[in-house]
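Observations on the model geometry
Each chain, written out:
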Amino acid sequence: MRIIYFDIDTLRPDHLGCYGYSRDTSPNIDQIARDGVIFSHSYTSDSPCVPSRAALISGRFGVHNGVVTHWGPGSTFRFPSYDSGTDHEFSGDSPLFSRYLRQFGMRTISFSSFADRHKTPWFMAGWNEVHTFTLKEGNENADEVYNAVLPWLKHYGAQDNYFLHVHFWDPHRNYTMPPEWADLFRDDDMPLWPDQALIDAQQATDYALCSASELWRDTNVSPVAAMPNHIVTENDLRRLINGYDGAIRYADHHIGLILQVLEQLGVLNDTAIIVSADHGESLGEHGVYANHVDATEAAQRVPLIVRWPQGRHHAVAHRFIYQMDLISTICELLGIPIPVGWEGESFADAISGQNSRTPRDHLIWGHGLYTCQRAVRTDRWLFIRTYHPGLYAWEPETLYDMQNDVHETTNVARQHPDVIKTMTQMLSNWYAEYVYRPGYGEDPMQTVVTDGPWRYIRLDAWLQHLRNQGKEQAAQTIWDRIQQWPQSL
């Protein structure tokens, strides 16, 4: 079996046509979806980039693989090993996905600068081939990815039994694709949220990194044409959305070129195609623009589309899925035993149409980079427990009615104490199952809480930045909030 996994960084599913978006951002991805299965409720178990891919390649939650943030405390990848007293052997119960497929005759190849950008050598373990074809550390565009993949595909693409990981960064800020791709949407209708009234309100209340008035870390000037200096008007928002959508369309275009090569090789119909992302993106939710800083729906929800030969076509599955479930699913579809130490569950039955498994009634996920949070998601509710707010205006417990408030604008925790109780119990049960197991060590989220989620920005530097702009009260508000926060889970 040939499998190609298109890993599109920072991709919101609701900006794809196949997920109901009105703009024509994704004609090639939409065609893959028509020929396969769309998963409407797919989420990363750990965010953002580094925790997400650690979970995917290890098949384990960040609380077990050790990675809940990007670097520093809480980012040390834990390689499970045999009880043989040596570090030179890998666990047979919890193997890395890239190594495990090779044991069963699959050639594994990655075209990605992820490990170079985020200094994560563990991600490179086990592949037959890792192509770090650039030193741009994630700042390359889709054409550069395609030009690197093309020679390999022409030479080896018609062969059998390979898993090819192709990583596109384009929807990740900054939007550096050619400007004409953003111009494609210049005259299109734009999503109606947030409106001008909300944008106005955000000017006075949000002073954290990537908020409406603080879109850039050290300057108020955008370094790229496709992004505004700040979000003050609906025209600023339009410019940002056009840039994001243009970046998606640019990646989609190059996916289409790869599909054309497969068709020319005569193997397209016999090749499994998977499209997903590491995490989503906030575009106004909680006052955050063009970043992924929390455990919200916008940041955690990812597209997941699987076109498998002999699988269902033009189907939608509404069950709750962790993105790390994907590797167990691939193993089952290939007839490979699923390792007992992987914590994801196969959803192969949803691809075949059997639907024989009982779906989950909730998911639990976490974020540990800009904030420290864990969340419980049910069909109706999203409950977020904040352990450290970072720069952001979070309360310790927040509850959102996702059936009636998809952008999480109103915390209804006080109105629903019974729901809070149920959600708290779900989180406690998960903690008891996954954290208190013998031999698993300290929860890495606790180390981030203790150290503080200060990676891309330091607290003292940010407060001084605000003071230099005359925003002394904003700086004081952030400082007071953090001082009042407990330093433990």
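Described below are features of the structure shown in this document. (Residues numbered from 1 in each chain as written. Predicted model: local features only at pLDDT ≥ 70, side-chain atom pairs only at ≥ 80, totals over all residues. Heavy atoms only, no water.)

As for the packing of helix 1 (residues 27-34) against helix 9 (residues 234-265)
Interhelical geometry of helix 1 versus helix 9 gives an angle of 60° and a closest axis separation of 7 Å. The orientation of helix 1 relative to helix 9 falls into the category oblique. Across the interface between the two elements, Pro27, Asn28, Ile29 and Ile32 of helix 1 pack against Arg249, Asp252, His253, Ile255, Gly256 and Leu259 of helix 9. (Axes fitted to C-alpha atoms, helices over the stretch in contact; angles between N-to-C directions. Helix = DSSP H or I, 4+ residues; strand = E, 2+ residues; numbered from the N terminus. Parallel < 35°, antiparallel > 145°, perpendicular 65-115°, else oblique. Contact = heavy atoms within 4.5 Å.)

Re the sheet that holds strand 13 (residues 372-377)
Adjacent strands of a sheet pair through backbone hydrogen bonds, lying either parallel or antiparallel. Strand order in the open sheet made by the five strands is 3-12-13-14-15, with mixed pairing throughout. Only two strands of the sheet have a single neighbouring strand rather than two, namely strand 3 (46-47) and strand 15 (397-401). In this structure, strand 12 (residues 363-367) lies alongside strand 13, joined through five bridges in antiparallel fashion. Bridging across to strand 13, Gly366 finds its partner in Arg374. (Pairing = 2+ DSSP bridges.)

Focus on the nonpolar core
Membership of the largest hydrophobic core comes to 63 residues, with the highest contact counts inside it found for Phe6 and Leu164. When residues of this core are assigned to their parent elements, the largest contribution, 14 residues, is made by helix 9. Sequence-distant contacts of Leu164, that is, excluding residues within four places in its chain, are made with Ile3, Ile4, Tyr5, Ile109, Phe111, Val149, Trp152 and Leu153. Residues Val68, Cys372, Leu399 and Ala413 belong to the second largest nonpolar core, which totals 57 residues. (Core = buried A, V, L, I, M, F, W, Y, C linked by side-chain atoms within 4.5 Å. Buried < 20%, exposed > 50% of the residue type's maximum accessible area, 1.4 Å probe, protein only.)

What to know about the pairing of strand 2 (residues 37-43)
With respect to burial, strand 2 is a largely interior element, seven of its seven residues being buried. Taken together, the two bridges between strand 2 and strand 10 (residues 304-307) define a ladder with antiparallel strand orientation. Along strand 10, the bridge assignment pairs Val37 with Val306. Note that strand 2 and strand 11 (residues 315-322) share six bridges and pair parallel. Counted as the bridge partner of His41 is Phe320 from strand 11.

Describing the packing of aromatic side chains
Taken as a whole and judged by the stated rule, the model has 28 aromatic pairs. With a centroid separation of 6.3 Å and 50° between ring planes, the pair formed by Tyr43 and Phe320 is classed as tilted. Of this pair, Tyr43 sits in strand 2 while Phe320 sits in strand 11, placing them 277 residues apart in sequence. Across the pair, exposure class does not vary: Tyr43 and Phe320 are buried alike. Seen from the ring of Trp169, Arg53 lies directly overhead, with NZ or CZ sitting 6.0 Å from the centre. We note Arg173 situated over the ring of Trp216; from NZ or CZ to the ring centre the distance is 4.5 Å. (Phe/Tyr/Trp six-rings, centres within 6.5 Å; stacked < 30°, edge-to-face > 60°. Lys NZ or Arg CZ within 6 Å of the ring centre and 35° of its normal.)

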